[in-house]
Amino acid sequence: MFEGGDWGPRIPPRPYHSLRMRGLPFEATDKEILEFFEPLVPVHIQIVYTRQGRPSGEAEVSFASYSDLTTALLKDKEYLGNRYVELFDESSGSPGNNSGGYYGPGPYSTGRFQSVPPRGGRVPSRRYYDR
């Protein structure tokens, strides 16, 4: 079923329990994001950077369980520093979320885990992503 060819058997994707943070202060650190979610403990925090290497004001945060994620989402529109932060459910287990996350179908879904389009100034055609 999950034949992997030359690389061995393919492991089916595991569900993840992630959210996207938008509106972070540009100087926000992993530690400040960790403190924002206390008493919950995220299992992974990834601050998103622009192509120029600057913080984008967004982050992706994963939790160990869906219940932790739903509790974390209650902090939507709370303040981190002097900015309020919006939280968006990016979990593979969330109802109505067909973004696909890490294993998503293309760049135009709402998930933030896809690969970045190649550099070169123009956006590639949809065919590029359907390979």
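Just so it is clear, the model here is predicted, and its values are computed rather than measured.

**Student:** Just checking my understanding: could you explain the nonpolar core for this structure?
**Tutor:** Most often, soluble globular proteins have nonpolar side chains that are buried together. Grouped together as the largest cluster of nonpolar side chains are 18 residues, with contacts concentrated most on Leu19, Met21, Leu24, Ile33, Phe37, Val61 and Phe63. Once you skip the residues sitting within four places of it in the chain, Leu24 turns out to touch Ile33, Gly57, Glu58, Ala59, Leu80, Arg83 and Val85.

**Student:** Please explain the pattern of salt bridges as it appears in this structure.
**Tutor:** Once the charged atoms of two side chains with opposite charge are near each other, the side chains can pair. Throughout the structure, instances matching the rule amount to four salt bridges. Taking the shortest distance from any N to any O, the salt bridge between Arg22 and Glu86 comes out at 2.9 Å. With Arg22 in strand β1 (residues 17-22) and Glu86 in strand β5 (residues 83-89), this residue pair connects regions lying 64 residues apart in the sequence. A relative accessible area of 33% means that Arg22 is categorised as partly exposed. Lys75 is paired through a salt bridge with Glu78; the nearest N and O atoms lie 3.8 Å apart. When salt bridges that share partners are traced, they join Arg20, Glu58 and Glu90 into one network.

**Student:** Is there a simple way to think about a negative patch on the surface in this case?
**Tutor:** Together, Glu27, Glu32, Glu35 and Glu38 make up a region of like negative charge exposed at the surface. Along the chain, the position of Glu35 falls in helix α1 (residues 30-36).

**Student:** I tried to follow the packing of aromatic side chains on my own but got confused; where do I start?
**Tutor:** Remark: the centre distance and the inter-plane angle together describe each pair of aromatic rings, the angle taken between the planes. Summed over all chains, the structure comprises three aromatic pairs. On the numbers, 5.0 Å between centres and 85° between planes, the contact of Phe36 with Phe37 is edge-to-face. Exposure class is identical for Phe36 and Phe37. Each is buried. Ring centres of Phe37 and Phe63 lie 5.3 Å apart, and the angle between their planes is 80°; on these two criteria the pair is classed as edge-to-face. Taken as a pair, Phe37 in the loop between α1 and β2 (44-49) and Phe63 in strand β3 (residues 55-63) lie far apart in primary sequence, 26 residues in all.

Rules used throughout
- The written sequence of each chain sets the order in which its residues are numbered from 1.
- Only residues with pLDDT of at least 70 get local features here, since the model is predicted, and only at 80 or more are side-chain atom pairs given and counted; chain-wide, interface and lining totals rely on the full set of residues.
- Only hydrogens and water are removed before side-chain values are computed, so all heavy atoms of the structure are retained for them.
- The nonpolar core is taken to be a set of buried Ala, Val, Leu, Ile, Met, Phe, Trp, Tyr and Cys residues, with the residues joined through side-chain atoms within 4.5 Å.
- Exposure categories follow from relative accessible area, calculated using a 1.4 Å probe and restricted to protein chains: below 20% of the type maximum is buried, above 50% is exposed, and the middle band is partly exposed.
- We call two residues in contact when some of their heavy atoms are within 4.5 Å.
- Any Lys or Arg side-chain nitrogen found within 4 Å of a carboxyl oxygen on Asp or Glu counts as a salt bridge.
- Strands here mean DSSP runs of E at least two residues long; helices mean DSSP runs of H or I at least four residues long; both are numbered from the N terminus.
- Like-charged residues are merged into a patch within 9 Å and nonpolar side chains (Val, Leu, Ile, Met, Phe, Trp, Tyr) within 5 Å, provided each residue has over 30% relative accessible area and no salt bridge.
- For the accessible areas, the method is Shrake-Rupley and the probe is 1.4 Å, while residue cover comes only from the protein chains on display.
- A positive count includes Lys and Arg, and a negative count includes Asp and Glu. His and the chain ends are not counted in either.
- Taken as the charge centre is NZ of Lys, CZ of Arg, CG of Asp or CD of Glu, depending on the residue.
- Centre distance within 6.5 Å is the pairing criterion for rings of Phe, Tyr and Trp, where only the six-membered ring of Trp is used; planes under 30 degrees apart are then read as stacked, over 60 as edge-to-face, and the remainder as tilted.

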